[in-house]
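A structural walkthrough
The residues making up each chain are set out below.
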Amino acid sequence: MSAMNNAAKVALVFGGSRGIGASIARRLAADGFQVALTYVSRPDKADETVAAIKADGGAAIAIQADSANPADIRNAVDQTVTSFGLLDVAVINAGVLKMGTVDAVSIEDLDLSLNVNVRGVYLAIQAAAREMKDRGRIITIGSNTAIRTGSVGGSVYSMTKAAVAAMVKGIALDLAPRGITVNNIQPGPTRTDMTAEMIDALATIVPLKRVGDPDEIAALASYLAGETAGYMTGASLTIDGGFVL
Ligand SMILES: NC(=O)c1ccc[n+]([C@@H]2O[C@H](COP(=O)([O-])OP(=O)(O)OC[C@H]3O[C@@H](n4cnc5c(N)ncnc54)[C@H](OP(=O)(O)O)[C@@H]3O)[C@@H](O)[C@H]2O)c1
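Residues numbered from 1 in each chain as written. Predicted model: local features only at pLDDT ≥ 70, side-chain atom pairs only at ≥ 80, totals over all residues. Heavy atoms only, no water.

A separate point is the pattern of salt bridges. Enumeration according to the criterion identifies 10 salt bridges in this entry. Here R191 and D200 are joined by a salt bridge, their closest N and O atoms 3.5 Å apart. The partly exposed category is assigned to R191, whose relative accessible area is 45%. When the shortest N-O distance is used, the salt bridge between E216 and R210 registers 2.7 Å. With relative accessibility at 31%, the residue E216 sits in the partly exposed group. (Salt bridge = Lys/Arg side-chain N within 4 Å of Asp/Glu carboxyl O. Buried < 20%, exposed > 50% of the residue type's maximum accessible area, 1.4 Å probe, protein only.)

Every α-helix winds through 3.6 residues per turn, so residues three or four apart in the chain are directed the same way. A rise of 1.5 Å per residue sets the reference length of helix α7 (residues 214-225), with its 12 residues, at 16 Å; its end C-alpha atoms lie 16 Å apart and thus fit the reference within 8%. Buried within α7 we find P214, I217, A218, L220, A221, S222, L224 and A225. Turning to α7, the residues buried within the fold contact α1 (19-30), β4 (87-92), β5 (132-141), β6 (181-187) and β7 (236-239). For α7, the N-terminal cap is D213; the gap from its side-chain oxygen to the backbone nitrogen of D215 is 2.8 Å. (Helix = DSSP H or I, 4+ residues; strand = E, 2+ residues; numbered from the N terminus. Expected span 1.5 Å × (residues − 1). Contact = heavy atoms within 4.5 Å. Polar contact = N/O pair within 3.5 Å; in protein donor to acceptor, adjacent residues only side chain to side chain.)

Summing up the model confidence of the protein, the mean pLDDT is 96 and the portion of residues at 70 or higher is 97%. Below a pLDDT of 50 lies the segment residues 1-5, which in the model reaches eight contacts outside its immediate sequence neighbourhood of four places, other chains included. (pLDDT = per-residue confidence, 0-100.)

So, about the site of the ligand. Near the ligand there are 31 residues, and of these S17, R18, S41, Y157 and T192 occur at the shortest range. Contact distances for the ligand include 2.8 Å between an oxygen atom and a backbone N or O atom of V40. N93 is positioned such that a nitrogen or oxygen atom in its backbone is 2.8 Å from an oxygen atom of the ligand. When the ligand is considered free in solution it has 900 Å² of accessible area, and contact with the protein chains removes 95% of it. The cavity where the ligand resides is the largest pocket. Those elements giving two or more residues to the shell around the ligand turn out to be α1 and α5 (155-175). Counted by class, the shell around the ligand contains 12 nonpolar, 14 polar and five charged residues. (Near = heavy atom within 4 Å. Areas by Shrake-Rupley, 256 points an atom, 1.4 Å probe, with all protein chains shown as cover. 1 Å grid on protein atoms, 1.4 Å probe; cavity = no way out; pocket = protein on both sides within 12 Å on 5 of 7 lines; lining within 4 Å. Sits in = over half its atoms within 2 Å of the grid points. Nonpolar A, V, L, I, M, F, W, Y, C, P; charged D, E, K, R; others polar.)

Of all six residues making up β4, six are buried, and the element is well covered by its neighbours. In the sheet, strand β1 (residues 10-14) pairs with β4 via four bridges, with the strands oriented parallel. Residue pairing for β4: V13 is matched across the bridge by V91. In terms of handedness, the path from β4 via helix α4 (residues 107-130) over to β5 forms a crossover that is right-handed. (Pairing = 2+ DSSP bridges. Right-handed = clockwise from strand over helix to strand, strands pointing away.)

Looking at the secondary structure, you find F14 in strand β1. A residue is classified by how much of its surface remains accessible, and F14, at 1% relative accessible area, is buried.

A separate point is the side chain of S113. Checked against the element boundaries, S113 lands in helix α4. A relative accessible area of 1% places S113 in the buried class.

What follows is about the nonpolar core. By size, the foremost hydrophobic cluster in this structure holds 30 residues, and its most contacted members are F14, L87, I92 and I138. Contributions of two or more residues to this core are made by β1, α3 (70-84), β4, α4, β5 and α5. Broken down by element, this core gets its largest block of residues, seven residues, from α4. Setting aside chain neighbours within four positions, we find L87 in contact with V10, L12, V77, T80, A128, E131, M132 and K133. One finds A25, F33, L37 and A60 within the second-largest nonpolar core, a separate group that totals 26 residues. (Core = buried A, V, L, I, M, F, W, Y, C linked by side-chain atoms within 4.5 Å.)

Moving on, we come to unusual backbone geometry. For R135, which is not a glycine, the phi torsion comes out positive at approximately 65°. For R135, the position within the fold is in strand β5.

Time to look at α4. With 24 residues, α4 ought to run about 34 Å at 1.5 Å a step, and its terminal C-alpha atoms sit 32 Å apart, in line with that. Taken as a whole, α4 carries its principal kink of about 40° at G120. Residues of α4 that are buried: S113, V116, N117, V118, G120, V121, A124, I125, A127, A128 and A129. The inward-facing, buried residues of α4 abut β1, α3, β4, β5 and α5. (Bend = angle between axes of the 7 residues up to and from the residue.)

See below:
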């Protein structure tokens, strides 16, 4: 999609400071969207991503908003609307990975995972939909572990990502009357800070014999955000080098 077509359009990326979310923020800005992105712990990375977008001629703002905090989520939407106008696109990328076998998982890790990866996603969709134009686009970042957990100690994470795939189907039905589509990208191993310690080992067991690049996930988000994806909704799209096949 050309920048011209999206000149006045607005995208909000929850968790857009680094990794996959930063790539999506940059890609949507290159597609012509004015981009707001949230972060929780890394203002330096958020500023870097905003600066990179501006250096390329785009418009971007960073908003500190903890996805575990419902008021922060609503505030991020409000700030975006105040700065740029009603939303065309919301990408809910913010997520945490807490590994641990069932005997060892702490209540803190369980609560954080549920609060950010499940409740935070639901509340972000809810808040964004209220301030979104009809025929808008909602995109979640789930995980291929929703289909196959794949590793010992991954029960909590895969459980949260399966919840995302399930909520997307129900919410897609709820928002269909407004023409808003709701789709879920399920990446496999992708090189980011989240996977830094395990990524080289994972590369050897991906059928395509490599891991994903965040820009490859961003390209799929760009498609889902675009005009030509308007007939797809409720889908979970796995992009993982064949890992779960
Ligand atoms: N990398 C992979 O292999 C992979 C595979 C499948 C799915 N995913 C999913 O893809 C998404 C992005 O992962 P990533 O690998 O890019 O991770 P990452 O490099 O760790 O980046 C995580 C991003 O989410 C933000 N974030 C985390 N907790 C947050 C919170 N409570 N409130 C607001 N923002 C929060 C971070 O903000 P700060 O910078 O401020 O901390 C950062 O922008 C996640 O949902 C993850 O589960 C990743």
